[in-house]
Amino acid sequence: MRTILAAITAFLLAGSLSAQTYTVFIHGKSDKNHNGVGTTDVNSYWGSSVNSVGGTRIFIGYDGTTDPRSYGSSRAQTNIATGLTNYCKGSNSCKIVCHSAGCYAIEYWLSNLGSTASAKGFNLTKVTALAAASGGSELANALNGITFGFGGNAMDKSLIVTTARGAFNHNNTAGVAVNHVPGYKGMFGASLILPGEDDYAVAYHSSCGYNRAGGLNKCQSSLTQYEGLWPFGSNKTYNQYSGHYRAPSVSSTGLYLDHGQIKTEGWR
């Protein structure tokens, strides 16, 4: 009897020791091919910014010029499915850290999962969304307009605001909380194009997960503001999509960081 109990105990201990908790990084727009799924940050998109996160780190990379919704070799959707299946099932669990269009990619994947992540066998604790571009960027609109639709790569075209917002059901996060971390350290030229607060690449309506585009300077669950010239204007209300929140450690004003600097905030 003691032998059987010892064997069962050893089996249970072995199972607990083999369980892993991973932080999975998913990058955004880039002019490089970061293709790979594993412990290597291919072509160093994240650089030293990952040092803010302890434990075992996994990097899901793809060709950063491609549409984040696409499947195939060096494509975001295929590599996300591969990476999360390999590392985030069974006794393992994962926190996801995404940046910019990487958030577009993982939110698209979650929305199209067909059920909750847990029901599909994935153990995902949360998504920390750094400067999420899943609501698109007016800079992509401007590039498309200036070049009459001929300029920009597939990634640029996917980031046109109406395209990004119509690409999938943003309210469906497969039961995984998406915690937004927005930055407001803008840049003169870009900030003339981007409405409200911005980090020189995306505005708050995107980086905070709001359900409509607009010029916003706060990141919170709901915001009502007067828009238009008085007395002809009216109040307009913006709400965060279901399953989307401001990261608890961030105030409603956001962080004074630009689009690149915010990559260091994956610990949130």
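Here the residue numbers are simple positions, counted from 1 along each chain's written sequence. It should be noted that, the model being predicted, local features are given only for residues of pLDDT at least 70 and side-chain atom pairs only at 80 or more, the latter also being counted only at that level, while totals for whole chains, interfaces and linings use all residues. Excluded from the side-chain calculation are hydrogens and water; included are all heavy atoms of the structure.

## Re the layout of surface pockets
Then comes step 1: Definitions used for this entry: grid spacing 1 Å over protein atoms alone; cavity, a set of points where a 1.4 Å probe fits but cannot get out; pocket, an open set with protein on both sides within 12 Å along at least 5 of 7 lines; lining residue, one with an atom within 4 Å of a point. Grid points are joined across faces, edges and corners, and a volume is the space filled by probe spheres set on the points. Quantified by volume, the largest pocket comes out at close to 360 Å³.
Then comes step 2: In this structure, the largest pocket is lined by 17 residues; those nearest its centre are Lys29, Ser100, Leu159, Ala201 and His259.
Then comes step 3: Classifying every residue of the lining of the largest pocket gives nine nonpolar, five polar and three charged. We call Asp, Glu, Lys and Arg charged. Ala, Val, Leu, Ile, Met, Phe, Trp, Tyr, Cys and Pro are nonpolar, and the rest, Gly among them, are polar.

## As for the sheet that holds strand β6 (residues 178–181)
Then comes step 1: When DSSP finds at least two bridges between two strands, those strands are taken to pair. Note on conventions: DSSP H or I runs of at least 4 residues are helices, E runs of at least 2 residues are strands, and numbering of each starts at the N terminus. A sheet is described by the order of its strands in space; here seven strands give the open sequence β2-β3-β1-β4-β5-β6-β9, paired in mixed fashion. One side of each edge strand has no neighbouring strand; the edge strands of this open sheet are β2 (33–38) and β9 (244–246). Pairwise comparison of adjacent strand axes, ignoring direction, gives a mean angle of 25° for this sheet.
Then comes step 2: Where β2 meets strand β3 (residues 56–63), four bridges bridge the pair, whose relative direction is antiparallel. Considered in β3, the bridge of glycine 38 is made with phenylalanine 59.
Then comes step 3: This element, helix α2 (residues 76–87), spans β1 (21–26), β2, β3, β4 (93–99) and β5 (124–130) of the sheet and lies at about 160° to β3.
Then comes step 4: Pairs of residues are marked as contacts when any of their non-hydrogen atoms sit within 4.5 Å. Angles here are taken between N-to-C directions and fall from 0 to 180 degrees, while the axes themselves are lines fitted to C-alpha atoms, restricted in helices to the stretch in contact. Along the sheet, helix α3 (residues 101–111) contacts β1, β3, β4, β5, β6 and β9; its crossing angle with β4, the most-contacted strand, is approximately 135°.

## Things to note about a nonpolar patch on the surface
Then comes step 1: Taken together, Phe188, Leu192 and Ile193 make up a surface patch of nonpolar side chains, about 370 Å² in accessible area.
Then comes step 2: If you trace the backbone, leucine 192 turns up in helix α7 (residues 188–193).
Then comes step 3: Only protein chains enter the accessibility calculation, which uses a 1.4 Å probe. A residue is then buried if its area is under 20% of the maximum for its type, exposed if over 50%, and partly exposed in between. Overall, leucine 192 belongs to the exposed group, its relative accessible area being 63%. Within this analysis, patches are made of residues with over 30% relative accessible area and no salt bridge. Like charges are joined at 9 Å or less; nonpolar side chains (Val, Leu, Ile, Met, Phe, Trp, Tyr) at 5 Å or less. Surface accessibility in these figures is a Shrake-Rupley result with a 1.4 Å probe; residues are shielded only by whichever protein chains are displayed. We define a salt bridge as a contact between a side-chain nitrogen of Lys or Arg and a carboxyl oxygen of Asp or Glu at a distance within 4 Å.

## Structural notes on the confidence of the model for the protein chain
Then comes step 1: Scored between 0 and 100, pLDDT is the confidence that the predictor attaches to each residue. When pLDDT is averaged along the protein chain, the result is 93, and 93% of the positions lie at 70 or above.
Then comes step 2: Note on residues 1–17: pLDDT is under 50 here. Beyond four places in sequence and across chains, it has one contact.

## Quick word on the packing of aromatic side chains
What characterises a pair of aromatic rings is the spacing of the ring centres plus the angle enclosed by the ring planes.
Then comes step 1: Pairing of aromatic rings covers Phe, Tyr and the six-membered ring of Trp, with a centre-to-centre limit of 6.5 Å; geometry is then stacked below 30 degrees between planes, edge-to-face above 60, and tilted otherwise. Overall, the coordinates contain nine aromatic pairs when judged by the stated rule.
Then comes step 2: Ring geometry for phenylalanine 25 versus phenylalanine 59: centroids 5.4 Å apart, planes at 20°, classification stacked. With phenylalanine 25 in strand β1 and phenylalanine 59 in strand β3, this residue pair connects regions lying 34 residues apart in the sequence. With respect to burial, phenylalanine 25 and phenylalanine 59 carry one shared label: buried.

## With respect to the side chain of serine 49
Then comes step 1: With respect to the element layout, serine 49 can be found in the loop between β2 and β3.
Then comes step 2: Residues in contact with serine 49, not counting those within four places in the same chain, are Lys263 and Thr264.

## Concerning the pairing of strand β7 (residues 222–227)
Then comes step 1: For β7 and strand β8 (residues 234–239), the ladder comprises six bridges, and the chain directions are antiparallel. Its bridge partner being in β8, glutamine 225 is matched across the sheet by lysine 236.
Then comes step 2: Hairpin connection from β7 to β8: six residues lie between these consecutive antiparallel strands, with glycine 228 at a positive phi of about 100°.

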